[in-house]
Amino acid sequence: MALHCPECGFVNPAGANYCQKCGAYLAEEASPGATTAQYDLGSTTEGEPVNPAETPAEGPSLVIRTGGRAGDSFTLDGDRFTVGRDTASDVFLDDVTVSRNHAVIVRRADGLHIDDLGSLNGSYVNRRRIESHFLVDGDELQIGKFKLTYLER
């Protein structure tokens, strides 16, 4: 059964989570407090849960939850961090669904913000497409096929 996008009306294949045309979230909203379990396949086919609280990062950080390299973390201890498929990016996400210069995380007077840099597939925070967003502890970022969690420690 095809899914019609509520934003643009595009007909997407069954099982799609995001609209192929505009990037809008297609699945029903999760119930409040619901979380998604994360697993790292590692060297076996058995899934191993990933717990961001066990990552070694100190201070504000991003932890990759899904999309390969699950469990990798990036400490956000400077004023500007690039996110993208470019190997020179501070947060390098190697997948064609990620633009070379996808997003930037910048420190402003009130804290860290993520700004989309006009990426083709968009940047999402807590399942909503954003152009700019003030980051708070526990925010879930989706960039391409990667899901990351923002943590303040």
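Whatever comes next refers back to the structure up there.
What counts and how
- Residues numbered from 1 in each chain as written.
- Predicted model: local features only at pLDDT ≥ 70, side-chain atom pairs only at ≥ 80, totals over all residues.
- Heavy atoms only, no water.
- Helix = DSSP H or I, 4+ residues; strand = E, 2+ residues; numbered from the N terminus.
- Buried < 20%, exposed > 50% of the residue type's maximum accessible area, 1.4 Å probe, protein only.
- Salt bridge = Lys/Arg side-chain N within 4 Å of Asp/Glu carboxyl O.
- Pairing = 2+ DSSP bridges.

Enquirer: How would you sum up the overall build of the chain? Please name residues and give values.
Expert: Each helix and strand in the chain was counted, giving zero helices and 15 strands. The proportion of buried residues among the 153 residues of the chain is 39%.

Enquirer: Talk me through unusual backbone geometry; I want residue IDs and the actual numbers.
Expert: Glycine aside, residues mostly have negative phi, and peptide bonds are mostly found in the trans state. Phi angles above zero are rare outside glycine, and N126 is one such case at about 50°. For N126, the location among the structural elements is in the loop between β11 (123–125) and β12 (128–130). One non-glycine residue with positive phi stands out, namely R127, at about 70°. Mapping R127 onto the fold places it in the loop between β11 and β12. Judged by relative accessible area, R127 falls into the partly exposed class, the value being 22%.

Enquirer: Residue-level account of the pattern of salt bridges, with values.
Expert: Across all of its chains, the model carries three salt bridges by this definition. In this structure, D95 engages K145 in a salt bridge whose closest nitrogen and oxygen atoms are separated by 3.6 Å. In this pair, D95 is assigned in the loop between β8 (91–92) and β9 (103–108) and K145 in the loop between β14 (140–143) and β15 (146–151), connecting sequence segments 50 residues apart. Given a relative accessible area of 45%, K145 falls into the partly exposed group.

Enquirer: Could you give an account of the pairing of β14, with specific residues and numbers?
Expert: In this sheet, β14 lies alongside β11 in antiparallel orientation, the contact comprising three bridges. Each bridged residue has a counterpart across the sheet, and for S123 the counterpart in β14 is I143. Both β14 and β15 contribute to a ladder of four bridges, which runs antiparallel. When the sheet's bridge partners are listed, I143 is paired in β15 with F146. Here β14 folds back onto β15 in antiparallel fashion, the turn holding two residues, of which G144 has a positive phi close to 60°.

Enquirer: An account of the sheet that holds strand β7 (residues 80–84) is needed here, citing residue identities and associated values.
Expert: Strand order in the open sheet formed by five strands is β8-β7-β9-β10-β13, with mixed pairing between adjacent strands. Across the chains shown, the open sheet's two edge strands, defined by having one partner strand only, are β8 and β13 (132–134). Summarising the sheet, strand β10 (residues 111–116) and β13 pair through three bridges and their orientation is antiparallel. Along β13, the bridge assignment pairs H113 with F134.

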